[in-house]
Every structure is written in structure tokens, then in C-alpha cells.
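If you want the building blocks of each chain, they are given just below.
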Amino acid sequence: MDALASQAAIAQKTWELENNVITTTASAAAADPSKLDQSDSIFFYDDVAQVKFQQDKPWSNDPHYFKRVKISALALLKMVVHARSGGTIEVMGLMQGKTDGDAIIVMDAFALPVEGTETRVNAQADAYEYMVDYSQTNKQAGRLENVVGWYHSHPGYGCWLSGIDVSTQMLNQQFQEPFLAVVIDPTRTVSAGKVEIGAFRTYPEGYKPPDDPVSEYQTIPLNKIEDFGVHCKQYYALDITYFKSSLDSHLLDLLWNKYWVNTLSSSPLLGNGDYVAGQISDLAEKLEQAENQLAHTRLGPLIAPPQRKKEFFGELQEDSQLTKITRDSAKITVEQVHGLMSQVIKDILFNSVRQSQKSCSEPSGPEPMVET
Amino acid sequence: MASSSSGLTFKLHPLVILNISDHYTRVKSQLHPPPSVHDASNGVDPSAAPPADPPRVYGCVIGVQRGRTVEIFNSFELLYEPATHSLDRAFLDKKQELYKKVFPNFYVLGWYSTGSDAEESDMHIHKALMDINESPVYVLLNPSINHAQKDLPVTIYESELHVIDGIPQLIFVHASYTIETVEAERISVDHVAHLKPSDGGTAATQLAAHLTGIHSAIKMLNSRVRVLHHYLLAMQKGEIPCENSLLRQVSSLLRRLPAIESGKFQDDFLMEYNDTLLITYLAMLTNCSRHSRRGGRTPFV
């Protein structure tokens, strides 16, 4: 048990490095007597510094100025819950926070009573009155930060900016700088078991980025793939890290004492049946498309490789359609297998009690993973 | 404090807890700004800054009540007037209106505050809220970080009319609650609390993340079961007086295993299993077809 515990500790440290959660503990203020003040200093809103930053406008010279985003635990939770509550309807809201050098810090988020954000540019206009009211009451209640961005959801089709989103964001970046766009996919979050979120800023009109940004691959459904492809060069993604206060971490640790029940009892296979079926049918369509393309080119080996050389995701290697499809199928499968693993584990834990009478029929685990 | 006899079950969402904690941290850090910011401007000696009294924050909790279950989903801040010991009513109404637009199903269920214990002055506020909701709840968060504590420092109080010394009075009584969550909430809380890898990573890291999550949950289950086991052993040896009600509960718990044992379940389970294996098989086929020779022939026969 001890070896396991120390292994777990090492694993945790590795993740603390790999992952990007920075608990605002007294890393820089080890010797400082007022340790507690220093650690939660990110929560302090410095009026003077913020106003000065607004006047300086260092971002107007460099379209790539902001590189990082720090999201508070509370903002993340609120955004994900709101996005999920919309179901399959896109919802949107605003984020409040401040800036810090080349990072935008998101402290809080709130929902807007607007629907159908993918059908018009500046859907926010409907909710201006709400925004003003909310900001005013917030300032009174002690939340002094300004609106620093907007978020919306793409239920089931990934985190990227559609054509409408790009136009909206370009408008925002002209008049409301500094502004950030965040996209959340609540369906994929639940299906994959990890938060699907992306933070973006658009380039100004006509600006060519000096180098192709390498972005993480994600599967896009067929009906949206054109929209994605046309606009994917017009914006760039920012790195997201999360932070939480010392009180937050303490509470979250204690929360785990009650939470483990939910982790064990969650059944992703049951909850995501619809979504997975949709993904598989989409994959089938893509396969048919690929097959048709291959069947039509008789001079397959000569023409196919150079034609398929797409710089779709900034990768200059050959990314044929079939490769993409394979990756998609691998992703779906991995998620399914994870879900099945949970079910099998639960079955073994709670069902195979009378082992002397029943022969142990369940195998020890599922088949090996699909190699990607 | 007596415990509640109203028979209501309370469900608390983690969002509320994080909301209150964030509110408190914000107010505290505005009152006591970090030393680095002000050393040039004020000349305030930072070491003299430590708070004498942590500020109390107040707010309202909203949610739904369905039958006997009260589910607290969300919360927002309120203004407190120390002069009248009451909350700013106009502000509450305004905020409530705003929240109604976005969450039309939720209504005011009660209020929250921070501190270590419920105080007399809290009763005023509680009574004032009674005209919105005839039986408001009071959620109290204890913001002092005590690492020895194993339980969440959140208590829920209800008000009950008790006759004390012949005078009917409202007093606060404890109510028990459970933490309730939707899947999305659980994942994001897990994400922030347990340092899961933020990007896709390889299949191996995803697998590791998933399994470790389940592993920690099972470890918890194991430790709880051990506690029970230890307790029962002690009872058997006679070290602890026999408590029949507890024994009954343990016995009923044990009788619930196996959880499901019927032919139909086995069929459905194996069908699901086979479906997943089929998906894996298909994915393997697709994968292999990618590597097959890219001739004029289609890879699919």
C-alpha cells in the first residue's frame, strides 16, 4: 500500500506539471508572514492598474498579444453548467475579469437570456439591458471586474469558431477590447469525461499570421466541416489554465468525500447513447464520401497523395481523409470502452458477490485499446 | 441545536459552495489588498494588515422545491446593511428578476452567509425572507481552513417554531443534506479539483486519467467499508455497546448486494458489452484499411 501511495503521489506531481491547474498557494511568498493574503492575490481587483492598461492598449500593435487565459474554477463551473442546461440549443453568456500582461483572467461568468446565437451576428445586442443591469448590481455587490469576453456553447460539434462567431468576435475586438471568445461543448464534455473548452481571439481583417498555428485535432461533423474549414485561419487559440483560491481547494478536497459516490455511479454509456449513435452515423457518411473519392480516381496512387496534402490543421504531413476518419473512429471507440470499463468494474464490485456458486463469467477487462 | 424534523431532504449543488467561497475570497481580498500592490502608493505597512475579523458576506440561494425535496442550484450576492441588520430588499428583487430571465424555473429558497456559527442577528434576516418563501433555508459556510476537518464546513439550517419557556420562538435547527450533481458539473469539478490532464493526450493518458478517477472512488468505498468492518468487529468483541439500529442498517446494506441479479440484466449487460466490442472491431478494421495498399482498388472489398 505504501508503494502505491508514493506512486500516486508521483503521478499527482506529474499531472500537476502536465496539467495547468495552478493552485494559488504561496509559491512566491514562502517567507511572507501574510501568506494567506498573498496566495489569493489574484482575486484583488486593482482599479488603477486596469485603467492604465486600458489606456495603453498594447494589443493594438500586436494581433497576437494575448497568449494565455486563466479561468477561475467558479467561472468554469458556471459556464459548463449553463452550457449543459441548454441541451442541444446553443446558449451564450458573458465573462467578467481583468487582464494581466499577456494573459486574460476570467474571474466569473454569467448567462444571458439569448437564444439562437448561431444565427445572427451580435446576438448580444438583445441582452444589452440585461448586461447593464447585471453589471451594475454586481459592482454594488462587490464584484468590480469588467466584462472581458463572451462564451457560448457548441453542443456536440466541437470547440471552434463558426463564420458567425468569427464575425461577432471581430466586431467585439474592434469596439470592446480586450475581449475573448470562449466555446464550450457540453455534450462532448460529458461523453469524454473531460471538459471540452477553447479560447480564441480573431486576427484583424486581412492579417496573415506569420506561422501556421498547430491546433489540437478534433472531429467535426460533416455538416459543419465546411464552415470550420473556411474560417479556421482567421483566429488563434489561447492556452487555458485554471486557478482556484485556497478556500476553493480546501472545499473541493472536502467535497471529494461526498463526491466519490457520484464518480462511481456515473454511467456514461447510458447517458451518451444518442450522441454516440450520431457520431457513428456521421462517421459512416464520411467513410462513404472517402470511398467515393477513392473509387473515382483510377490513377489513385499517383494523384491521391499530392491531392490529399491538406494544411487543414497546420500539419504539413499527409492527412488523408481516411486517416482523419480513423482518428475519429478511434476517439469514439476509446470513449465507449472507457464507459464499458466503468460498467464492468461496477458489475464486479456489486454483483459478483456469490462467487462460490456462480462461475466467474466476466473476463478481467476489455480488449486492448485501438492504437492511434 | 436540535435537528430538523420537517422531513425535507436537501440537495446542494457544488456550484453554490464555490459561489459562496468565491464571494468571500473576493470581499476579503478587496478589504485587505495584497502588500505588493500598495507598497509604493500608501506606505501602508503590510505586516500590519492581517485581518482581525474575517468579513461576513451575505447572499441568496435559489433553486427548486419538488415535493419534499429541496434542491439548491445556484446563488447570488446580496447587500447587507449593518445599521438595520437586514438585507437590501430592492437589490434582492432586482437580482432575482435578472436571474429569473435566465433560469426561469428557479426561485428564492433562502439565504447564505459565512461564519462559524449561526447568530441571533441572523434570525432577523431569516424572518425578513419569510415573506418570499415561508420556510427559507439558511446555508452557512465556515471559511476558516481547518485541515483536521474531514467534513464539508457547510451547514444548512431551517427555522422551526419551538415553545421555549412558554413563548413560541423561532430557532434554527440543523438539516442534513446531500451533494447533488449533474454529470457536467461533476466533470468540471473533477477537472479543477483533481488535476486531470487538460488536453486529449494519448490514449494512454486518457485511460490512466479515467481509471485513476475510478480507482480513487473505489479506494474511498474501501476505506468506508473498512471503518464499518472495524466497528462491527469491535462490537463483536464487546468493546462497544451493541447498537441495534446500526446493526439493522448494516444488515440491510449487505442484503442489497448483489445489486442486480436477474437474467434480463445479464442479457442487456452482455449486449452492451458486445456492442462496444463491435465498435472496437470496426475501429480496428478502419485502422487497418488505412495501412492497406493504396492502390487503385478501394480498401473495402
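Conventions we followed
Position numbers for residues count from 1 along each chain, tracking the sequence in the order it is written. Note on labels: chains are lettered from A, ligands numbered from 1, in written order. Side-chain atom pairs in this predicted model are given and counted only at pLDDT of 80 or more, local residue features only at pLDDT of at least 70, and totals for whole chains, interfaces and linings cover all residues. Just so you know, side-chain values use all the structure's heavy atoms and leave hydrogens and water out. Numbering goes from the N terminus for both helices and strands, where a helix is a DSSP run of H or I of at least four residues and a strand is a run of E of at least two. Partly exposed residues are those whose accessible area sits between 20% and 50% of the maximum for their type, while under 20% is buried and over 50% is exposed, using a 1.4 Å probe and protein chains only. Only heavy atoms matter for contacts: two residues are in contact if any of them lie within 4.5 Å across the pair. Areas reported here follow the Shrake-Rupley algorithm with a probe of radius 1.4 Å; residue values treat only the protein chains shown as occluding. For this analysis, a salt bridge means a side-chain nitrogen from Lys or Arg found within 4 Å of a carboxyl oxygen belonging to Asp or Glu. Every helix has an expected span of 1.5 Å times one less than the residues it contains. All axes here are fitted lines through C-alpha atoms, helices being fitted over the stretch that makes contact, and every angle between N-to-C directions spans 0 to 180 degrees. Left-handed describes a crossing whose near helix is turned anticlockwise from the far helix through less than a right angle; right-handed describes the clockwise counterpart. Under the scheme applied here, ten amino acids are nonpolar (Ala, Val, Leu, Ile, Met, Phe, Trp, Tyr, Cys and Pro), four are charged (Asp, Glu, Lys and Arg), and all others, including Gly, are polar. Side-chain atoms within 4.5 Å are what join buried Ala, Val, Leu, Ile, Met, Phe, Trp, Tyr and Cys residues into a set we call a nonpolar core. At least two bridges found by DSSP between two strands are what make those strands a pair. Values of pLDDT, ranging from 0 to 100, describe the predictor's confidence in every residue of the model. Orientation labels follow simple angle bins: below 35 degrees gives roughly parallel, above 145 gives roughly antiparallel, 65 to 115 gives roughly perpendicular, and whatever is left gives oblique.

### Re the overall build of chain B
At step 1: Looking only at helices and strands, chain B features eight helices and ten strands.
At step 2: The 301 residues of chain B split such that 41% are buried.
At step 3: When contacts within chain B are restricted to residue pairs at least 6 apart in sequence, long-range pairs at least 24 apart make up 62% of them.
At step 4: Summed over its atoms, the accessible surface of chain B is roughly 16100 Å², and 57% of this surface lies on carbon and sulfur atoms.

### Quick notes on the overall build of chain A
At step 1: A count of helices and strands for chain A gives 13 helices and eight strands.
At step 2: The burial tally for chain A puts 54% of its 372 residues in the buried class.
At step 3: Across chain A, the fraction of contacts at a sequence separation of at least 24, relative to all contacts at a separation of at least 6, is 75%.
At step 4: In the form shown here, chain A has an accessible surface area of approximately 17000 Å², with 54% of it arising from carbon and sulfur atoms.

### Things to note about the pattern of salt bridges
Residues and elements named next belong to chain A.
At step 1: Within this structure, the stated rule accounts for 16 salt bridges over all chains.
At step 2: Put simply, glutamate 335 and lysine 331 hold a salt bridge, and the shortest N to O gap is 3.0 Å. Placement of both glutamate 335 and lysine 331 in helix α13 (residues 321-350) is noted, with a separation of four residues, approximately one turn of the helix.
At step 3: Note on glutamate 335: relative accessible area 15%, which makes it buried.

### What about helix α4 (residues 73-85) of chain A?
All names here are of chain A.
At step 1: For α4, spanning 13 residues, the distance from its first C-alpha to its last is 18 Å, which sits close to the expected 18 Å at 1.5 Å a residue.
At step 2: Of all 13 residues making up α4, ten are buried, and the element is well covered by its neighbours.
At step 3: The set of residues buried in α4 consists of Ala73, Leu74, Ala75, Leu76, Leu77, Lys78, Met79, Val80, His82 and Ala83.
At step 4: Count one or two residues on from α4 and you reach glycine 87, which has phi positive near 70°.

### Details of the side chain of A:Thr187
Residues and elements named next belong to chain A.
At step 1: Within the secondary structure, threonine 187 is located in helix α7 (residues 186-192).
At step 2: Judged by relative accessible area, threonine 187 falls into the buried class, the value being 15%.
At step 3: Leaving out residues up to four positions away in the same chain, threonine 187 has contacts with Arg84, Pro155, Gly156 and Tyr275.

### Description of the packing of α4(A) against helix α1 (residues 14-31) of chain B
Two measures define how a pair of helices packs: the angle their axes make with one another and the distance between the axes.
At step 1: In contact at an axis separation of 10 Å, α4(A) and α1(B) are set at 145° when each is read in the N-to-C sense. Our pair here, α4(A) against α1(B), has a crossing hand that is left-handed. Listed contacts from α1(B) to A:Ala73, A:Leu74, A:Leu77 and A:Lys78 of α4(A) are B:Pro14, B:Leu15, B:Leu18, B:Asn19 and B:Asp22.
At step 2: Per-class residue counts for the contact of α4(A) with α1(B) are six nonpolar, one polar and two charged.

### Notes on the nonpolar core
At step 1: Core analysis: the largest hydrophobic core is formed by 125 residues, its most contacted members being A:Ile71, A:Ile197 and B:Ile72.
At step 2: Filtering out sequence-adjacent residues up to four positions away, A:Ile71 remains in contact with A:Leu76, A:Met79, A:Val106, A:Ile197, A:Ile240, A:Thr241, A:Tyr242 and A:Phe243.

### Thoughts on helix α8 (residues 263-291) of chain B
For the α-helix, the turn length of 3.6 residues means that residues three or four positions removed from each other point alike.
At step 1: Along its 29 residues, α8(B) runs 42 Å from first to last C-alpha, staying within 8% of the 42 Å computed at 1.5 Å per residue.
At step 2: When α8(B) is considered as a whole, its buried residues turn out to be B:Phe269, B:Glu272, B:Tyr273, B:Thr276, B:Ile279, B:Thr280, B:Ala283, B:Thr286, B:Asn287 and B:Ser289.
At step 3: At its buried positions, α8(B) is contacted by α10 (268-271), α11 (273-296) and α13 of chain A.

### A short note on the sheet that holds strand β6 (residues 107-114) of chain B
At step 1: Strand order in this open sheet of eight strands is β9-β8-β7-β6-β2-β3-β1-β10 (chain B), and the pairing throughout is mixed. The outermost strands of the open sheet, each flanked by one partner alone, are β9 (167-175) and β10 (177-179) of chain B. Each neighbouring strand pair of the sheet contributes to a mean axis angle of 35°, computed without reference to strand direction.
At step 2: As paired elements, strand β7 (residues 137-141) of chain B and strand β8 (residues 154-164) of chain B share five bridges and run antiparallel to each other. Considered in β8(B), the bridge of B:Val139 is made with B:Ile156.
At step 3: Sheet strands touched by helix α9 (residues 246-265) of chain A: β7 and β10 of chain B. Its angle to β10(B), the strand with the most contacts, is close to 85°.
At step 4: Across the sheet, α1(B) touches β1 (9-12), β2 (58-66), β3 (69-77), β6, β7, β8 and β10 of chain B, and the angle it forms with β3(B) is around 25°.

### Here we look at the confidence of the model for chain A
Residues and elements named next belong to chain A.
At step 1: Per-residue confidence for chain A gives a mean pLDDT of 73; residues scoring 70 or more make up 73%.
At step 2: Across chain A, element-level confidence peaks in strand β6 (residues 180-184) with a mean pLDDT of 91 and bottoms out in helix α2 (residues 35-39) with 38.
At step 3: Long-range and interchain partners of residues 298-318, a stretch whose pLDDT sits below 50, account for 35 contacts in this model, where long-range means more than four residues apart.
At step 4: The model gives residues 355-372 a pLDDT under 50, and that stretch makes 26 contacts with residues more than four places away or in other chains.

### Some remarks on the pairing of strand β7 (residues 197-202) of chain A
Residue and element names in this part refer to chain A.
At step 1: Across the six residues of β7, six count as buried, placing the element largely inside the fold.
At step 2: Residues Ile197, Ala199 and Arg201 of β7 are buried on one face, and the alternating residues Gly198, Phe200 and Thr202, pointing to the opposite face, are buried as well.
At step 3: Direction of pairing for β6 relative to β7: antiparallel, over a ladder of four bridges. Paired with valine 182 across the two strands is alanine 199, which belongs to β7.
At step 4: Relative to strand β8 (residues 235-244), β7 runs antiparallel, the two being bridged by four bridges. If you follow phenylalanine 200 over to β8, its bridge partner there is alanine 237.

### Examining the packing of helix α5 (residues 128-140) of chain A against helix α3 (residues 89-102) of chain B
At step 1: At their nearest, the axes of α5(A) and α3(B) sit 11 Å apart, and the two run at 140° to each other. Classified by the angle their axes make, α5(A) and α3(B) are oblique. Crossing hand, α5(A) versus α3(B): left-handed. Contacts from A:Tyr130, A:Asp133, A:Tyr134, A:Thr137, A:Asn138 and A:Gln140 in α5(A) reach B:Phe91, B:Lys94, B:Lys95, B:Leu98, B:Tyr99, B:Lys101 and B:Val102 in α3(B).
At step 2: Here the residues of the contact of α5(A) with α3(B) are counted per class, giving six nonpolar, three polar and four charged.

### Some points on the pairing of β8(A)
Remember that side chains alternate between the two faces of the sheet whenever the strand is regular.
Residues and elements named next belong to chain A.
At step 1: The element β8 is extensively covered by neighbouring structure, given that eight of its ten residues are classed as buried.
At step 2: In the sheet, strand β2 (residues 68-72) pairs with β8 via five bridges, with the strands oriented parallel. Following the sheet pairing, isoleucine 71 is matched in β8 by tyrosine 242.

### Remarks on the environment of A:Asp62
At step 1: Within the element layout of this structure, A:Asp62 appears in the loop between α3 (47-56) and β2.
At step 2: A C-alpha to C-alpha distance of 35 Å links A:Asp62 and A:Arg84, two positions 22 residues apart in sequence.

### Describing the confidence of the model for chain B
Residue and element names in this part refer to chain B.
At step 1: In this model, chain B carries a mean pLDDT of 78, and residues with pLDDT of at least 70 account for 85%.
At step 2: Looking at the elements of chain B, mean pLDDT is at its lowest for helix α2 (residues 35-38), recorded as 51, and at its highest for β1, recorded as 88.
At step 3: Low confidence marks residues 37-51, where pLDDT is under 50. Its contacts with residues over four positions away, or in another chain, come to nine contacts.
At step 4: Predicted complex metrics record ipTM = 0.77 and pTM = 0.76.

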